[in-house]
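# Notes for the structure review
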Amino acid sequence: MTLPGAVVCCLLAVWYHRPGFGMPLAPAGSRLPAPAPAVRQFWHVTDLHLDPTYHITDDRTKVCASSKGANASNPGPFGDVLCDSPYQLILSAFDFIKNSGQETSFMIWTGDSPPHVPVQELSTDMVINVIANMTTTVQSLFPNLQVFPALGNHDYWPQDQLPVVTSKVYNAVANLWKPWLNEEAISTLRKGGFYSQKVTTNSSLRIISLNTNLYYSSNIVTLNKTDPANQFEWLENTLNNSWQNKEKVYLIAHIPVGYLPFSRNTTAMREYYNEKLIDIFRKYSDVIAGQFYGHTHRDSIMVLSDKKGRPVNSLFVAPAVTPVRSVLQKETNNPGVRLFQYDPRDYQLLDMLQYYLNLTEANMKGESNWKLEYILTQAYDIKDLQPESLYGLAKQFAVLDSKQFIKYYNYFFVSYASSAICDEKCKAFQICAVMNLDHVSYADCLKQFYI
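Reading across the sheet, the 6 strands line up as β3-β2-β1-β10-β11-β12 and stay open at both edges, with mixed pairing between neighbours. Every other strand in the sheet has two partners, leaving β3 (147-149) and β12 (371-375) as the edge strands with one partner each. With direction set aside, neighbouring strand axes in the sheet form an average angle of 25 degrees. Here 4 bridges tie strand β1 (residues 40-45) to strand β2 (residues 106-109), and the two strands are oriented parallel to one another. Across the sheet, the residue bridging to V45 is W109, located in β2. Along the sheet face, helix α1 (residues 87-98) touches β1, β10 (336-342) and β11 (349-356) and points at about 175 degrees away from the line of β1.

Structure follows, in structure tokens:
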């Protein structure tokens, strides 16, 4: 699969911070309070799934390889719901980010650049080519931006089969991502597809990029391995060092922990690995200031509680840029990108702004108009993105005929399927997935819903 010479797109404008709100004058003779620190921000982009074969043609079965021979439903310049992203869609997303006027400290990019196509239609070199094109574009357009990538299950060939030792793909991305990472990060990336790295503009904030694809249920390479690539051991050591050095951590990965919100009793990764990660995250919940994932293509939140039921960590699964769905699926997502706001003093997450492209409208008009879909605290009338706030919101979801949940379910599809109905069973799966990340509490939750 040879990518066209037209440069594919990417990511963001760099900056440091925007001014804080002015403080009121203090009474005469009193000490002036310390000025409020500026809010800082970062972008999260995930699941680009570029399909270089996308083109408009009269034969709807040949619009894109990712439709796997199915008729594209309504193809236009920005794509089709049965196809992965054309170049123009990805370019429009990055164009929006670049020209948004938002100042950011960094960006996280949580994997999956190649398309969903049959295994025989790709190769290791093709996968590397797609990742290289996306990476080179980002680096050439935004040479001063620090980007933190994570590998996805499609960022390998054959897909899902990411190994526990060095490989051609691990070596390739280690070389490609050198401008963003230090030597230690490059070394672990080369060996096992994971790394940790401090944020240049925030000296006590560390990004840990996990290779959760090693734990994916479809990865047969890691079957019966207790600690693939010794990542668990490395993770605990890294978190312990951060605790000792008084650092905070943002944890990023492609495949999320917890239970999938659209099915019963199903974790994205093998249950053993999920329980192991949950134990580690609970142990270091005071170090981890936020967790960020992709993979599902949907917009969802999760709240990790400790064994006593106290909420201790906030987790965010970002929706995809690709709008693709299978022929059997009724709903899909509009393309989305998001912006997080945080406090630079303690790295607490303050808010999240979700942006989206109405794909139907963009194709009809022949132009992209990315819009603000919602601001999380305003949409749900909550204080911030801390675990206590999200836990309180999740309890509101559980109320009969909850308007908050109806809103959440619409945002789940990035405002693509506002008529989608979530029945009693569907709602139970959604709420239990938000509030319960380990097997015992999740099973108990389903029992409460009599499911």
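Below, the discussion takes up the packing of aromatic side chains. Throughout the structure, instances matching the rule amount to 36 aromatic pairs. Measuring from centroid to centroid gives 4.7 Å for F42 and F106, while their planes differ by 10 degrees, and the two rings are stacked. Separated by 64 residues along the polypeptide, F42 in strand β1 and F106 in strand β2 bring together distant segments of the chain. Look at F106 and you get buried, because its relative accessible area is 0%. Both rings, one in F397 and one in Y408, keep their centres 4.7 Å apart while their planes meet at 35 degrees; by these two values the pair is tilted. Of this pair, F397 sits in helix α9 (residues 387-397) while Y408 sits in helix α10 (residues 403-412), placing them 11 residues apart in sequence. Judged by relative accessible area, Y408 falls into the buried class, the value being 4%.

Right, let's talk about the pairing of β10 for a bit. Of all 7 residues that make up β10, 7 are buried, and the element is covered over most of its length. A two-sided burial pattern is seen for β10, the buried positions comprising G336, R338, F340 and Y342 on one face and V337, L339 and Q341 on the other. Direction of pairing for β1 relative to β10: antiparallel, over a ladder of 5 bridges. Across the sheet, H44 pairs through a bridge with R338, a residue of β10. Relative to β11, β10 runs antiparallel, the two being bridged by 7 bridges.

As a further point, take the sheet that holds strand β5 (residues 202-209). Ordered in space as β4-β5-β6-β7-β9-β8, the 6 strands form an open sheet in which the pairing is mixed. The strands lining the two open edges of the sheet, one partner per strand, are β4 (195-199) and β8 (300-305). In this sheet, neighbouring strand axes are inclined to one another by 25 degrees on average, regardless of whether the strands run parallel or antiparallel.

Time to look at the pattern of salt bridges. One pass over the structure, following the stated rule, counts 10 salt bridges. Among the ionic pairs, E236 bridges to K283, the shortest N-O distance being 3.3 Å. Residue E236 is located in helix α5 (residues 231-244), and its partner K283 is located in helix α6 (residues 271-283); the two are separated by 47 residues in the primary sequence. On the accessibility criterion, E236 (22% relative accessible area) is partly exposed. We note a salt bridge from R338 to D299, for which the minimum N-O separation is 2.9 Å. With R338 in strand β10 and D299 in the loop between β7 (288-293) and β8, this pair connects stretches of sequence that are 39 residues apart. Accessibility expressed as a relative area gives 1% for R338, which makes it buried. Residue classification places D299 among the buried positions, given a relative accessible area of 3%. Within this structure, K198, R206 and E247 form a network of salt bridges that share partners.

The rules behind the values
Residues numbered from 1 in each chain as written. Predicted model: local features only at pLDDT ≥ 70, side-chain atom pairs only at ≥ 80, totals over all residues. Heavy atoms only, no water. Pairing = 2+ DSSP bridges. Helix = DSSP H or I, 4+ residues; strand = E, 2+ residues; numbered from the N terminus. Axes fitted to C-alpha atoms, helices over the stretch in contact; angles between N-to-C directions. Contact = heavy atoms within 4.5 Å. Phe/Tyr/Trp six-rings, centres within 6.5 Å; stacked < 30°, edge-to-face > 60°. Buried < 20%, exposed > 50% of the residue type's maximum accessible area, 1.4 Å probe, protein only. Salt bridge = Lys/Arg side-chain N within 4 Å of Asp/Glu carboxyl O.

The analysis is restricted to geometry; functional conclusions fall outside its scope.
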